Amino acid sequence: MKKANISACGKGLRRRMSAILLAGTAMSLAGTPAVAQEAESDQSEDDVIIVSGIRGSLAKALDEKRNAESLVEVIQAEDIGKLPDQNLAEVLENITGVQITREAGIGTGVQIRGSNDNRIEINGVGTVGSGSGRSGINFEDINAAIISSLEVIKAPTAMTTEGSVGGTINLRTIRPLDLRDTLIAFRAQGEYSEQSESVQPRISGSFGKNWDTGAGRIGIVLSGSYAKQDASSSRPRVDRDTLIPQGTSVTAAGAPGPDFDYLGIQFLNQEFEIFNYETYNLAGSLEWAPSDNLKLYVDGFYNKQTRKQQSTRIQGSGVSSVRNTNVPDTFETINFGSLGGVDLGSIQAAETGTLQPNVPNEPNLRFSSDTGARLTESNLIRAGGEWESGRFKARIEGSRTLASSRTPDLSTTLNFINPNTPITGSANDNGTPFAYDLSGGSLTFGIDTSSPFAPTVAQLLDPNNVVLDAVSVSDNSNRNVEYTGRMDFTLDLEDLTGFLTSFNWGYRYNDRSTEFNEITSSIGLSALADSPNGSVFSQLLVAGPSNFGKADGRSLFFGDFLIIDPNLAYSDQAGTLATLQAALLAEPGGRVLADPSFNPASFYRITEQTHAVYGQLNFEAGIFSGNAGLRYVDTIINSVGNNVDAGGNIINQTNTPGKYRFLLPRVNLAADLTSDIVLRASYGQDINRPDFDSLKTSVRFGTGPNTAVEIGNPGLVPEKVTSYDASLSYYFAPAAVISVGVFHKRRTNLFVTLETAPFVDPVTGFKDITAPCEGGGIYNPIADRNVFSATPGNGLCVPVSTTINDAGVTKQTGVEVAFQYNLSAFEDSIGFASGFGVAANYTYQKFSGGQATDTSDADSRGTAILESSSGLTGPFTAVQGLLDFSPHAYNVTLFYEKYGLSARARYTWRDAFRTLDTAGGATQGSTIGFPVTTAARGQLNGSITYDLTDHINIGIEGVNLTKSKIEQYCVNDGALLCFQGLPDRRLTFGASIKF
């Protein structure tokens, strides 16, 4: 019997059949007693080689990669439910050319060859995410235990669905008819998070079986998992974006300041994030082959996740008001480097010192608590059939993927009323002394306990010394759904022509939509007469986390403060709001926090229909094989939003249409230069569609005075990506390889974000508080004016950002090197040492081109700072380029596998990269106008497992074992340290059973 394979052709068919059979052995391990670490081989009647353990999984993955028809990277599970890492993003980090970003130490973002714009599939079906992005399902939403293998397609064929820049990630589950024996597997673990000081469970299991019946072969697989996880991260932030000209400052004692310009402290923010994940996953497949030439199948996937966040932000606010009366004790020299070929010079900046309350009510201390969650349910169902008759093969398939998310949130801010300093005027805050020490590459700050105005611990924890300053409540929702139907056909041409082996053609229809609804309410208080005292709602108050210093052993931090109980705010939001509402009404101002309501101005619904057809010729001639084809894409988009009046009432609903067509050629070539050396080359074009929120016509306002308002751009067109690849691989020993590859990408219409800041008076530091913001920015009617106005209240001009297509052409060139080897062939001569092996890779990439720039004018103080440091006249600009793009990255895994013992240590390092992911909600309006640079960082993960019996395995795994910290700099790497991240160290321990 021939196996139905739509893309089979000649040598490619034989290669892929070998890879499929090898991959299928991983599914049979649970029912086949074998020593997992010995990578044994067993010859069956089907000539299927059974391999297992780390070396076995590497061998299978290497075989599949070698025999693929295009450039594909593969990771196979070592055993049922045992990929090399617990988190799918961290699994992908093992692959050459892949780097990841993390949130509180958890892998969340994946960059393939420097790009975040990748497509994520499950069993070849596109997924949708919980938000407005394009890539697909969030990696933290899927437990790696239910995935049997994954592949990254870097060079697509004409059959490959369009829509990625770096590559397509396909997560594969167990196929029922590939099972050789009954599958029963179970795994139970506990994960310890050091900063959270908690242990949470992870449970997963799989069952699979197939039967020969009178009606053909029938198989079923069910895999499920339940996991809880705690992750914490300490993220201090210090803004030093205030220029203090020489001769304008004095010390707290009144002595003259220095005779040079310097950067003073503008803002202090101590953020502590706690994420609690609870995730349910279920995957199932049913396959029925009623005859040798027909197979029917149904796949299902279900995810339910609660991602709860409890963040505290302790803020030293109003610091800019005392900038001229608190000269630092010591300074450091900041070298800004160069931008766009312009040397920005250097400047002195505050390094150590204190901030004393010698200006009325400033600086002040604020305690904020953000209690939110992302509640996501997603599912995928795929049904189809494969049929073969003679030279003709066909596959017809339909699928639906859906993700519905709610993001309930309750954020509150309390102002601390220091009993040791007076209150002047009507303001609801007053002065508190701070100390800071930014030396040694650490952002440390806290209460200046040596000051006579310093509050005691008892005073900091006294409800009578706090007042309510702001409340924001929301329950927003996203719904994403995609319906897909496709037909794929193959005609076998082997022996009919001289070199053509088969012809593939097909059609795909895709209907995708996203809808966003905002339900919100907020209130900002600034007058003491409006602000309830904490004693009125003391039943809601608890002491905040006091372990901020645990991450790196610091002693200077805010360790004693009060917050609204985050557990109560989450579990009884209505009761918490009722208590706060009653407290507000009891005050003389009688302010009212309105019930959360639908905001029509923020609503958007975007629909997209795509028709795609393709044709692909597969060929083989001598040492050469490959394919060449065309893919045609026709897309229609409709962006729906509401126009509202000043009162928030809907005037009319608008529908902005758009459409585009692309013809995408794709060619892949492989040459077996010798039996051990393979040369590959490819050329292809793809498109990258804009994220849905970039196409919206609605406007959302935040409550922060520096939070940029994002304006959609429904006129965006997709990026066009032209890619070239070439690689040479030498398979110098069994399961061993050394390979070198080069790639080049040319992109047009690159998506870039432009941000403009409102005018800020250089003398007073105030912003415009009336529309239409003639000095720049956009008027936000609900933003708290904070320290940016002498008139308290809400409403002022804030930054505005929008996404555009870069008019220039960008280019990206890279080199990838990979090496894999183990010593198993030398068992007779070196004994136990033959269990050692290594897998390593290195990537270099360079970016050039583009016209869109970032500017120092995006920060109202940025241009003045860089003019002082450089002696030049601004504004200063730099080409935007790519975010999350590291020029250098490498990954080294050392493993040992013998005598039932399996140990692995992986060190991953990536070079510095620019990012918008900052602490405390900072935007380019507070980072001197440019994205920040995350410094180069390495991380060590490791694991040790042991086979107690053929069926029982125990082990422990560690993530971020060296507690590697994150450093972020403003303007350039190593320039002005602005943010730090101190993520968790996590340990997972447990046992697995298989039969």
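Residues numbered from 1 in each chain as written. Predicted model: local features only at pLDDT ≥ 70, side-chain atom pairs only at ≥ 80, totals over all residues. Heavy atoms only, no water.

**Quick word on the overall build of the chain**
Here comes step 1: Of the regular secondary structure elements, the chain holds eight helices and 52 strands.
Here comes step 2: When its C-alpha atoms are laid out on the principal axes, the chain stretches across 90 × 60 × 55 Å.
Here comes step 3: With 995 residues in all, the chain has 59% of them scored as buried.
Here comes step 4: Of all intrachain contacts in the chain linking residues separated by at least 6 positions in sequence, the fraction that spans at least 24 positions is 73%.
Here comes step 5: Averaging the coordinates of the 77 positive side-chain charges in the chain and doing the same for the 106 negative ones gives two points 6 Å apart. (Helix = DSSP H or I, 4+ residues; strand = E, 2+ residues; numbered from the N terminus. Buried < 20%, exposed > 50% of the residue type's maximum accessible area, 1.4 Å probe, protein only. Contact = heavy atoms within 4.5 Å. Lys, Arg positive; Asp, Glu negative; His and termini not counted. Charge placed at Lys NZ, Arg CZ, Asp CG, Glu CD.)

**Re the state of the cysteines**
Here comes step 1: What the rule picks out here adds up to two disulfides.
Here comes step 2: Disulfide pairing is shown between Cys970 and Cys978; the S-S distance is 2.0 Å.
Here comes step 3: Taken N- to C-terminal, the disulfide-bonded cysteines of the chain are connected 1-2, 3-4. (Disulfide = S-S within 2.5 Å.)

**So, the sheet that holds strand β7 (residues 168–172)**
Here comes step 1: An order of β1-β6-β7-β4-β5 is seen for the five strands of this open sheet, with the pairing classed as mixed. Edge positions in the sheet fall to β1 (72–76) and β5 (125–126), since each has one partner strand and no second.
Here comes step 2: Here β1 pairs with strand β6 (residues 149–153) via five bridges, running antiparallel. If you follow Gln76 over to β6, its bridge partner there is Ser149.
Here comes step 3: Across the sheet, helix α2 (residues 53–67) lies against β1, β6 and β7, angled at about 155° from β1, the strand it touches most. (Pairing = 2+ DSSP bridges. Axes fitted to C-alpha atoms, helices over the stretch in contact; angles between N-to-C directions.)

**Observations regarding the pairing of strand β51 (residues 976–983)**
Here comes step 1: For β51, the tally of buried residues reaches eight of eight residues, placing the bulk of the element in the interior.
Here comes step 2: Across three bridges, the pairing between strand β10 (residues 216–239) and β51 is antiparallel. By the bridge assignment, Ser234 is partnered in β51 with Leu982.
Here comes step 3: The sheet contact formed by strand β50 (residues 966–970) and β51 spans five bridges and is antiparallel.

**Regarding the packing of aromatic side chains**
Here comes step 1: Applying the stated criterion across every chain, the model contains 26 aromatic pairs.
Here comes step 2: For the pair Phe367 and Phe561, a centre-to-centre distance of 5.8 Å together with 45° between the ring planes defines the contact as tilted. A residue pair is termed long-range when its members are at least 10 positions apart, and Phe367 in strand β19 (residues 364–389) and Phe561 in the loop between β26 (541–543) and β27 (562–564) qualify at 194 residues. Of the two residues examined, Phe367 and Phe561, each falls in the buried class.
Here comes step 3: Among the aromatic side chains, those forming a connected cluster through ring pairs are Trp387, Phe392, Phe489, Phe503 and Trp505.
Here comes step 4: One Lys or Arg, Lys898, reaches over the ring of Tyr899 and ends 5.3 Å from the middle of that ring. (Phe/Tyr/Trp six-rings, centres within 6.5 Å; stacked < 30°, edge-to-face > 60°. Lys NZ or Arg CZ within 6 Å of the ring centre and 35° of its normal.)

**With respect to unusual backbone geometry**
Here comes step 1: Of note, the amide linkage connecting Ala771 to Pro772 takes the cis form, showing an omega dihedral of 15°.
Here comes step 2: Omega for the peptide link from Gly874 to Pro875 comes to 5°, which places this bond in the cis form.
Here comes step 3: Tracing the chain through its elements places Pro875 in the loop between α8 (862–870) and β43 (877–879).
Here comes step 4: A positive phi angle is found at Arg113, which is not glycine, with a value near 50°.
Here comes step 5: As for its position among the elements, Arg113 is in the loop between β3 (106–112) and β4 (119–122).
Here comes step 6: According to the relative accessible area criterion, Arg113 is buried, its value standing at 2%.

**Notes on a nonpolar patch on the surface**
Here comes step 1: Taken together, the side chains of Ile184, Phe186, Ile203, Phe207, Tyr946, Leu948, Ile952, Ile954, Ile993 and Phe995 make up a nonpolar region of the molecular surface, amounting to roughly 830 Å² of accessible area.
Here comes step 2: Within the residue set of the nonpolar patch, elements represented by two or more residues are β8 (183–193), β9 (198–213) and β49 (952–959).
Here comes step 3: The topology assignment puts Ile203 in strand β9.
Here comes step 4: For Ile203, a relative accessible area of 37% corresponds to the partly exposed category. (Patch = residues over 30% accessible without salt bridge, like charges linked within 9 Å, V, L, I, M, F, W, Y side chains within 5 Å. Areas by Shrake-Rupley, 256 points an atom, 1.4 Å probe, with all protein chains shown as cover. Salt bridge = Lys/Arg side-chain N within 4 Å of Asp/Glu carboxyl O.)

**Structural notes on α8**
Here comes step 1: Within the sequence span of α8, burial applies to Gly862, Thr863, Ile865, Leu866, Ser869 and Ser870. Seen end-on, α8 carries its buried residues on one side only, within an arc spanning 160°.
Here comes step 2: Its buried side turned inward, α8 meets β11 (242–244), β12 (262–264), β17 (342–343) and β18 (346–355).
Here comes step 3: At the C-terminal side of α8, Gly871 shows a positive phi close to 75°. (Arc of directions from axis to C-beta.)

**Describing the pairing of strand β24 (residues 500–517)**
Here comes step 1: In this structure, strand β23 (residues 466–492) lies alongside β24, joined through 16 bridges in antiparallel fashion. Bridge pairing in β24 places Arg479 opposite Glu515.

**Looking at the sheet that holds strand β39 (residues 800–805)**
Here comes step 1: With mixed pairing, the three strands of this open sheet are ordered in space as β33-β39-β36. Each edge of the sheet is formed by a strand with only one pairing partner; in this case those strands are β33 (709–711) and β36 (751–756). Neighbour to neighbour, the strand axes of the sheet diverge by 30° on average, direction disregarded.

**Describing the nonpolar core**
Here comes step 1: One finds Ile265, Leu365, Phe367 and Phe537 to be the most contacted residues of the largest nonpolar core, which totals 44 residues.
Here comes step 2: Beyond its immediate chain neighbours, meaning those up to four positions away, Phe367 contacts Arg313, Ile314, Thr412, Thr413, Leu414, Phe416, Leu460, Val466, Phe561, Leu562 and Ile563. (Core = buried A, V, L, I, M, F, W, Y, C linked by side-chain atoms within 4.5 Å.)

**What to know about the side chain of Asn517**
Here comes step 1: Summarising the element assignment, Asn517 is placed in strand β24.
Here comes step 2: Since its relative accessible area comes to 18%, Asn517 is described here as buried.
Here comes step 3: Engagement of the side chain of Asn517 in a polar contact is seen with the side chain of Glu515, the distance being 3.0 Å.
Here comes step 4: Residues contacting Asn517, with those up to four places away along its chain left out, are Asn476, Ser477, Phe598 and Phe603. (Polar contact = N/O pair within 3.5 Å; in protein donor to acceptor, adjacent residues only side chain to side chain.)

**A few points about the environment of Ala68**
Here comes step 1: By secondary structure assignment, the location of Ala68 is in the loop between α2 and β1.
Here comes step 2: Placed 376 residues apart in sequence, Ala68 and Thr444 show a C-alpha to C-alpha distance of 52 Å.

**Quick notes on the confidence of the model for the chain**
Here comes step 1: On average, the chain scores 90 in pLDDT, and the residues at 70 or more come to 94%.
Here comes step 2: Predicted confidence for residues 1–51 stays below pLDDT 50, and this span has 131 contacts to residues more than four positions away or in other chains. (pLDDT = per-residue confidence, 0-100.)

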